[in-house]
Amino acid sequence: MMVKKEMIAMLLAGGQGSRLGILTAKMAKPAVCFGGKYRIIDFPLSNCINSGVDTVGVLTQYRPLKLNTHIGIGIPWDLDKNVGGVTVLPPYEKMEDTEWYTGTANAIYQNIDYMESYNPDYVLILSGDHIYKMDYETMLDFHKENGADVTIAVMPVPMEEAKRFGIMITDDDRRITDFEEKPEHPRSNLASMGIYIFSWKALKEALIENSSQPNLDFGKHVIPYCHSKGMNLFAYEFNGYWKDVGTLTSYWQANMELIDIVPEFNLYEEYWKIYTRNTALPPQYFGPNSSVERSIIGEGSEIYGQVINSVIGTGVTVGENSVIRDSIIMNDTVIGDGCSLEKVIAAEEVKIGNNDRFGEGEEAVNETDPNIYTDGLVVLGGRCVVPDNVVTGKNVLIGGTTVIGDYPGGRLESGKSLVKAGDEQ
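Throughout this document, residue positions are counted from 1 along each chain, in the order its sequence is written. Under the rules for a predicted model, residues below a pLDDT of 70 receive no local features and side-chain atom pairs below 80 are neither given nor counted, while totals for whole chains, interfaces and linings still include all residues. Working from all heavy atoms in the structure, the side-chain values ignore hydrogens and water.

Regarding its fold elements, the protein presents eight helices and 33 strands. Each radius of gyration is computed over the set of C-alpha atoms, and the globule rule expresses the reference value as 2.2 Å times the number of residues to the power 0.38. Taken over the C-alpha trace, the protein has a radius of gyration of 23 Å; the compact-globule value for 425 residues is 22 Å, and the two agree within 12%. For the C-alpha atoms alone, the extent of the protein along its principal axes is close to 65 × 50 × 50 Å. For every residue, the accessible area obtained with a 1.4 Å probe (protein chains only) is divided by the maximum for its type, and the residue is called buried under 20%, exposed over 50%, and partly exposed between those limits. Looking at the protein as a whole, 54% of its 425 residues are labelled buried. Residues are treated as being in contact if the distance between any of their heavy atoms lies within 4.5 Å. Restricting the contact set of the protein to residue pairs at least 6 apart, pairs at least 24 apart contribute 58%. Total accessible area on the protein is roughly 18,400 Å²; 47% of this is exposed by carbon and sulfur atoms. In this tally, Lys and Arg are treated as positive and Asp and Glu as negative; His is ignored, and so are the chain termini. Taken as the charge centre is NZ of Lys, CZ of Arg, CG of Asp or CD of Glu, depending on the residue. Charge-centre separation for the protein: the mean point of 36 positive side chains lies 2 Å from the mean point of 59 negative side chains. Segments assigned H or I by DSSP are reported as helices when at least four residues long, segments assigned E as strands when at least two residues long, and all are numbered from the N terminus. A 1.4 Å probe and the Shrake-Rupley method give the accessible areas. Residues count as covered only by the protein chains that appear here.

Listed below in structure tokens is the structure:
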């Protein structure tokens with residue numbers, strides 16, 4: 001018997017997130033930790049359940065193990081349903097034409113049978129790597145009121161930044177009359193957020209008719225097709241907090257914004273909770289000589305030193321006389337005694353020795369990738385090991401198990417990278 005759902009969500013979570021550098025060397029971008037206890041994918045999943053969307057297909061591809069483990073059967077988000085709930089949808093082998101997901105819309109097209117099984121009236125398309133709170137039910141009401149075939153969530157951006165986005169041109173009724181993909185001279189500042197509601201009939205037609213397009217994409221193929229066929233396209237304007245944490249700098253900034261005196265993005269609102277997978281961890285412990293200023297400290301962490309303006313994940317240890325400032329320290333990282341960390345992003349399960357100092361001196365361009373490791377950050381990859389008595393500069397990358405002999409004179413100068421063999425960048 002066919003199950004009927006008014007609206008289902010398709011969550012694109014297979015991206016590599018290469019601009020996050022070593023943080024995504026061994027996991028998909030949506031699985032990266034954010035805000036201490038959370039992972040990036042928690043935000044769109046929480047938006048779904050808070051909006052009354054109880055059927056979510058999560059499309060995974062790149063290094064999905066951590067992501068799949070985190071999602072499980074969807075219990076934290078109340079998505080462990082007998083009918084609907086959360087379903088992980090990796091690429092799969094078919095009788096013929098087997099392929100990976102080759103574009104955002106191609107991934108959706110390959111799961112057309114999954115969507116068909118719920119006979120939906122509407123399909124919500126989401127990205128798994130943005131930080132925001134949105135009531136998708138309000139967007140659906142807008143879609144219905146306008147008799148739309150496609151509704152695209154848009155956000156006003158400064159005109160000088162508009163050329164970085166897909167831009168929607170609308171009339172006074174918010175009907176989309178034209179659109180431009182990263183225009184040199186934009187005619188509007190309404191940027192697409194990559195969030196779409198399609199009437200199922202319109203989406204199904206657009207996917208089937210364009211299925212032979214290489215790297216089938218919503219912005220390049222599906223939306224232009226719908227427009228060319230005279231379908232009703234509308235722009236739903238969103239004015240809340242929305243952050244694409246696609247670069248190390250934006251990722252660091254978004255975490256730092258969480259600990260503002262009055263945070264623009266508030267994790268503590270009762271009416272719109274962000275849910276995540278919780279393990280049975282003890283409470284935080286603060287040693288007799290510890291101090292914490294304007295920081296987030298995850299469960300199970302032990303703080304014996306100073307933490308200032310930082311985001312600390314779960315199960316982290318900060319040793320005595322260590323000072324952590326303006327940094328992001330992810331789950332299960334151990335920091336020794338007498339250390340100094342300034343603008344450090346430490347991935348999960350990092351081990352830092354005693355008397356290490358990170359982020360000293362003047363900045364220099366990073367030798368591995370000057371467009372990724374910037375803004376004075378020091379980035380330590382997952383399970384990285386740093387020995388005692390090491391000093392690093394800024395715009396530095398370290399990955400793998402390192403020993404003191406890897407650091408000439410005990411130093412890693414600004415702009416240098418040290419990634420041991422076998423650890424991807």
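Two strands pair if DSSP finds at least two bridges between them. Read from one edge of the open sheet, seven strands run β16-β19-β22-β25-β28-β31-β33, paired in parallel fashion. The open sheet has two edge strands, β16 (296-297) and β33 (417-419), and neither has a second partner. As judged from the three bridges shared by strand β28 (residues 378-380) and strand β31 (residues 396-399), these two strands associate in the parallel manner. Among the inter-strand pairings, Leu380 is bridged to a residue of β31, identified as Ile398.

A cavity here means a set of points on a 1 Å grid, drawn over the protein atoms and nothing else, where a 1.4 Å probe fits but cannot get out; a pocket is an open set with protein on both sides within 12 Å along at least five of seven lines, and a residue lines either one if it has an atom within 4 Å of a point. Grid points are joined across faces, edges and corners, and a volume is the space filled by probe spheres set on the points. Summed over all chains, the structure comprises one cavity of 30 Å³ or more. Empty space within the largest cavity amounts to approximately 40 Å³. Elements supplying a minimum of two residues to the lining of the largest cavity: β2 (33-34), α8 (248-257) and β22 (328-329). Just so you know the grouping, Ala, Val, Leu, Ile, Met, Phe, Trp, Tyr, Cys and Pro go in nonpolar, Asp, Glu, Lys and Arg go in charged, and all remaining residues, Gly too, go in polar. Looking at the lining of the largest cavity residue by residue, the classes come out as seven nonpolar, four polar and no charged.

This next bit is on the pairing of strand β12 (residues 233-237). Counted residue by residue, β12 has four buried out of five residues, so it is predominantly covered. By the bridge criterion, five bridges tie strand β8 (residues 150-156) to β12 in an arrangement that is parallel. Paired with Ile152 across the two strands is Ala235, which belongs to β12.

Any two of the Phe, Tyr and Trp rings considered here, Trp counted by its six-membered ring, make a pair once their centres fall within 6.5 Å; the pair's planes then place it as stacked at under 30 degrees, edge-to-face at over 60, or tilted in between. On inspection of all chains with the given rule, the structure shows twelve aromatic pairs. Each ring, one from Tyr196 and one from Phe198, has its centre 6.0 Å from the other, and the planes form 55 degrees; the classification is tilted. Here the two residues Tyr196 and Phe198 agree in accessibility, since each one is buried. Aromatic side chains Tyr241 and Phe265 sit 4.9 Å apart centroid to centroid with 40 degrees between the ring planes, which places their arrangement in the tilted category. Here the residue Tyr241 occupies a position in the loop between β12 and β13 (242-244), and Phe265 occupies one in the loop between α8 and β14 (285-286), the gap between them amounting to 24 residues. Of the residues examined, Tyr241 reaches a relative accessible area of 10% and is grouped as buried. Taking the relative accessible area as the measure of exposure, Phe265 reaches 4% and is therefore buried. Counted as over-ring charges are cases with an Arg CZ or a Lys NZ within 6 Å of the ring centre that also lie within 35 degrees of the ring normal. Above the plane of the ring of Phe265 lies Lys133, whose end atom (NZ or CZ) is 5.1 Å from the centre. We note Lys343 situated over the ring of Trp252; from NZ or CZ to the ring centre the distance is 4.5 Å.

All right, on to the sheet that holds strand β23 (residues 334-335) then. One open sheet accounts for six strands, arranged β14-β17-β20-β23-β26-β29; its pairing is parallel. The sheet is open, and its two borders are formed by β14 and β29 (385-386), each paired with just one other strand.

As for its placement among the helices and strands, Asp326 is situated in the loop between β21 (323-325) and β22. Among buried Asp, Glu, Lys and Arg side chains, Asp326 stands out as unpaired, with Arg325 the closest opposite charge at 5.6 Å. In the analysis that follows, any N or O atom pair within 3.5 Å is treated as a polar contact, provided that within protein one partner can donate a hydrogen and the other can accept it, and provided that, for residues neighboring in sequence, both atoms belong to side chains. A distance of 2.8 Å separates a polar atom in the side chain of Asp326 from a polar atom in the side chain of Asn309. Discounting chain neighbours no more than four positions away, the residues touching Asp326 are Trp252, Met256, Ile308, Asn309, Ser310, Glu342, Lys343 and Val344. Any Lys or Arg side-chain nitrogen located within 4 Å of an Asp or Glu carboxyl oxygen qualifies as a salt bridge.

Among all positions in helix α5 (residues 136-145), only Tyr136, Met139, Leu140, Phe142 and His143 are buried. Viewed end-on, α5 has its buried residues packed into an arc of 155 degrees, placing them on one side of the element. Its side-chain oxygen placed 2.9 Å from the backbone nitrogen of Glu137, Asp135 serves as the N-cap of α5. Trailing α5 by a residue or two, Gly147 shows a phi angle of about 55 degrees, which is positive. This arc is taken over the directions from the axis of the helix to the C-beta atoms.

The subject of this paragraph is the side chain of Ser322. If you trace the backbone, Ser322 turns up in the loop between β20 (317-318) and β21. The buried category is assigned to Ser322, whose relative accessible area is 0%. Within polar-contact distance, the side chain of Ser322 engages the backbone oxygen of Gly336 at 2.6 Å. Once you skip the residues sitting within four places of it in the chain, Ser322 turns out to touch Gly305, Gln306, Ile335, Gly336, Asp337, Gly338 and Cys339.

Take it as geometry only, folks, not as evidence of what the structure does.
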